[in-house]
Amino acid sequence: MNTNCEPHQLTLKEYKKTFDSLYTLLCLFANKYLNDIEASKDIVQIVFIKIWEDSIEFRSEENIKSYLYTSVKNKSLDYIKSKRVKSTEKLSSLKIPDIETEPFYLREVVILETHSAIEKAIKTLPKKCAQIIRLSINNFTNPEIATELGISINTVKAQKKIAYKKLRSILKDYFILIAFVFDLAD
């Protein structure tokens, strides 16, 4: 994407890159509203098709992400409110007002963006470090990690130390978001 602030339509290459990098994340986001992964995929595809067909112009990558999250949210809420869904799903009348709120939207965006940033950072680690960190994130203890990977506990501790040092440096700009997300999980 160009770096000046002039709005422009995405080139096919930019469109494909945006689709490839955000499709899964947006499907997970839509699924927070719909609790139906197939419908979520359909909604995300509809939003991407609209961008292409309507030749929507954007100023920046952040502008695209904001547009996509908002569009997916709106399409998801429209889907929930549709008569077809209401008649087949028996949605609680309390659920729709809860998920229409700005705090719900912002919380879900922050959680997904933070998860994405952490995953990108983990992918930069050496393979063994990444495996250990993923197991640790999934609440495995050091002895359980050692058993799972067939390595010593001291190796687990050493690899975690290396991983945390690298992750701290990579994720320093995301610290407040990560703290916020972990606070939400409690």
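Everything quoted here is computed from the prediction, not taken from an experiment.

Engineer: Please set out the overall build of the protein chain residue by residue, giving values where relevant.
Structural biologist: Helix and strand counts for the protein chain stand at 10 helices and 2 strands. Listing each helix as α and each strand as β along the protein chain from the N terminus yields β-α-α-β-α-α-α-α-α-α-α-α. Sorting the 186 residues of the protein chain into buried and exposed places 37% on the buried side. Pairs at least 24 apart in sequence give 63% of the contacts found in the protein chain among residues at least 6 apart.

Engineer: Residues and numbers for the nonpolar core, please.
Structural biologist: Nonpolar side chains tend toward joint burial in soluble globular proteins. Counting residues in hydrophobic clusters, the biggest one holds 31 residues, and the most contacted among them are L26, F29, Y33, V44, L68, Y69 and V72. Of all the secondary-structure elements, those providing two or more residues to this core are helix 1 (12-34), helix 2 (37-53), helix 3 (61-81), helix 5 (95-99) and helix 6 (102-123). With 10 residues, helix 1 is the largest single contributor of residues to this core. Sequence-distant contacts of V72, that is, excluding residues within four places in its chain, are made with L26, F29, A30, I43, V44 and V47. Judged by nonpolar contacts, the second largest core, of 11 residues, contains A121, L125, A163 and L167.

Engineer: Describe helix 3, naming the residues involved and giving the relevant values.
Structural biologist: Its 21 residues place the ends of helix 3 30 Å apart at the C-alpha level, agreeing with the 30 Å of an ideal helix rising 1.5 Å per residue. Taken together, the buried positions of helix 3 are I64, L68, Y69, S71, V72, K73, S76, L77 and I80.

Engineer: Explain the packing of helix 3 against helix 6 residue by residue, including any values.
Structural biologist: Interhelical geometry of helix 3 versus helix 6 gives an angle of 125° and a closest axis separation of 12 Å. Relative to helix 6, the element helix 3 is oriented oblique. Like other packed secondary-structure pairs, helix 3 and helix 6 cross with a definite hand, here right-handed. Across the interface between the two elements, K65, S66, Y69, T70 and K73 from helix 3 touch E102, Y105, V109, L112 and E113 from helix 6.

Cut-off values and rules
- Residues numbered from 1 in each chain as written.
- Predicted model: local features only at pLDDT ≥ 70, side-chain atom pairs only at ≥ 80, totals over all residues.
- Heavy atoms only, no water.
- Helix = DSSP H or I, 4+ residues; strand = E, 2+ residues; numbered from the N terminus.
- Buried < 20%, exposed > 50% of the residue type's maximum accessible area, 1.4 Å probe, protein only.
- Contact = heavy atoms within 4.5 Å.
- Core = buried A, V, L, I, M, F, W, Y, C linked by side-chain atoms within 4.5 Å.
- Expected span 1.5 Å × (residues − 1).
- Axes fitted to C-alpha atoms, helices over the stretch in contact; angles between N-to-C directions.
- Parallel < 35°, antiparallel > 145°, perpendicular 65-115°, else oblique.
- Left-handed = near helix turned anticlockwise from the far one by under 90°.

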